[in-house]
Amino acid sequence: MAFLARMWTLFTRYNSFFSEGIKNTLIIAFFSVVLGTIFGTLMAMLRMSKVKPLRYLATAYIEFIRGTPLMVQLMFIFYGLPMTGIKIPDISWIPNFSRFAAGIVAMSMNSCAYVAEIIRSGIQAVDHGQTEAARSLGFRQSQTMTMVVLPQAIKNILPALGNEFVTVIKESSIVSVIGIADLMFRSKDVIAVTYISLETLAIAAILYFVMTFISGRFVSLMERKMSNGTK
């Protein structure tokens, strides 16, 4: 009980730290998944392209990103690119914009590779007869993909995309190493002020769980609604 009491005292006293961390974590996760989904869809199209150079390029990107640690990718973008003369500019009215941008770019690039495979598998799960029927009606290949195949594939990929969002929320803790005030960074600030580690980390773990649990339930709700809509 004393442990829980200390947790509650820390949470109430430093709730502004935790609130800011949650806000920044969700911002990074949201933009990373949105951009990762957009570019992941494009990468999946390239991955299935009949043009060999494009297919090989997409395959190489996906395999390389999935085969290297996110930490290395983040460090390369934030520290490595400026050494080559490529620097993300700061925006005066957005605090720490360059750090946030680097974190979102790294997380989006990483998410893109995984989302591309999720979307590719979802598209390939759609019966090929649907494509043939659309083409027989005079649909172009692009129309067939956007109007026939992708709408059906969404049902297959939605659960996996939801899991990707949950994963990104958890993995976003890595951006704390470049000074972004996410939940993990702010938890470390609390530890630095109070010298109380275990209780602070327990609070952070619970807050991460709450975010991922709510996200998971929201995705499940959307999945059920889509399933009911087909009946």
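Further up the page is the structure itself.
Keep in mind that what you see is a predicted model, and the values were worked out from it rather than measured.

1. Brief notes about the overall build of the protein chain
- A count of helices and strands for the protein chain gives nine helices and zero strands.
- Its helices and strands taken in sequence order, the protein chain reads α-α-α-α-α-α-α-α-α from the N to the C terminus.
- Considering only C-alpha atoms, the protein chain reaches an extent of 70 × 50 × 35 Å along its principal axes.
- The buried share of the protein chain, taken over its 231 residues, is 38%.
- A sequence separation of at least 24 residues applies to 77% of the contacts in the protein chain between residues at least 6 apart.
- Per element, the accessible surface of the protein chain, about 13,300 Å² overall, is 67% carbon and sulfur.
- Taking the average location of the 21 positive side-chain charges in the protein chain and that of its 12 negative ones, the two points are 4 Å from each other.

2. Digging into the packing of helix 2 (residues 15-47) against helix 8 (residues 183-194)
- Closest axis-to-axis distance for the helix 2/helix 8 pair is 7 Å, and the angle between their directions is 160°. With respect to their mutual orientation, helix 2 and helix 8 come out roughly antiparallel. The hand of the helix 2/helix 8 crossing is right-handed. Two secondary-structure elements touch here, helix 2 through F17, F18, E20, G21, I22 and T25 and helix 8 through L183, R186, S187, D189 and V190.

3. Considerations on helix 4 (residues 70-83)
- An ideal rise of 1.5 Å per residue puts 20 Å on 14 residues; helix 4 measures up with 19 Å between its terminal C-alpha atoms.
- Residue F76 marks the point of greatest curvature in helix 4, where the axis turns by about 40°.
- Three or more residues of helix 4 are buried, namely L70, Q73, L74, I77, F78 and G80.
- On its buried side, helix 4 packs onto helix 3 (52-66), helix 5 (97-125) and helix 7 (141-171).
- Phi turns positive, to about 95°, at G85, one or two residues after helix 4.

4. A short note on a nonpolar patch on the surface
- There is a patch of nonpolar side chains on the surface, built from I27, F30, F31, V34, I38, F39 and L42 and spanning about 640 Å² of accessible area.
- By secondary structure assignment, the location of I38 is in helix 2.

5. Considering the pattern of salt bridges
- Under the counting rule described, the total for this entry stands at six salt bridges.
- Here E117 makes a salt bridge to R66, at a shortest N to O gap of 3.8 Å. Placement of the pair is E117 in helix 5 and R66 in helix 3, with a sequence separation of 51 residues.
- You can call E117 buried: its relative accessible area is 16%.
- Here the salt bridges do not stand alone but share partners, grouping R47, R66, E117 and R120 into one network.

6. Let's talk about the packing of aromatic side chains
- Scanning all chains against the criterion turns up six aromatic pairs.
- Aromatic side chains F78 and Y79 sit 4.8 Å apart centroid to centroid with 80° between the ring planes, which places their arrangement in the edge-to-face category.
- Residue classification places F78 among the buried positions, given a relative accessible area of 16%.
- Since its relative accessible area comes to 39%, Y79 is described here as partly exposed.
- An aromatic cluster of three or more residues is present, and its members are W8, F11 and F18.

7. Points about the environment of W8
- Among the structural elements, W8 can be located in helix 1 (residues 2-13).
- W8 gets classed as exposed once you look at its relative accessible area, which sits at 58%.
- W8 sits 25 residues away from V33 along the chain, and the two C-alpha atoms are 32 Å apart.

Cut-off values and rules
Residues numbered from 1 in each chain as written. Predicted model: local features only at pLDDT ≥ 70, side-chain atom pairs only at ≥ 80, totals over all residues. Heavy atoms only, no water. Helix = DSSP H or I, 4+ residues; strand = E, 2+ residues; numbered from the N terminus. Buried < 20%, exposed > 50% of the residue type's maximum accessible area, 1.4 Å probe, protein only. Contact = heavy atoms within 4.5 Å. Areas by Shrake-Rupley, 256 points an atom, 1.4 Å probe, with all protein chains shown as cover. Lys, Arg positive; Asp, Glu negative; His and termini not counted. Charge placed at Lys NZ, Arg CZ, Asp CG, Glu CD. Axes fitted to C-alpha atoms, helices over the stretch in contact; angles between N-to-C directions. Parallel < 35°, antiparallel > 145°, perpendicular 65-115°, else oblique. Left-handed = near helix turned anticlockwise from the far one by under 90°. Expected span 1.5 Å × (residues − 1). Bend = angle between axes of the 7 residues up to and from the residue. Patch = residues over 30% accessible without salt bridge, like charges linked within 9 Å, V, L, I, M, F, W, Y side chains within 5 Å. Salt bridge = Lys/Arg side-chain N within 4 Å of Asp/Glu carboxyl O. Phe/Tyr/Trp six-rings, centres within 6.5 Å; stacked < 30°, edge-to-face > 60°.

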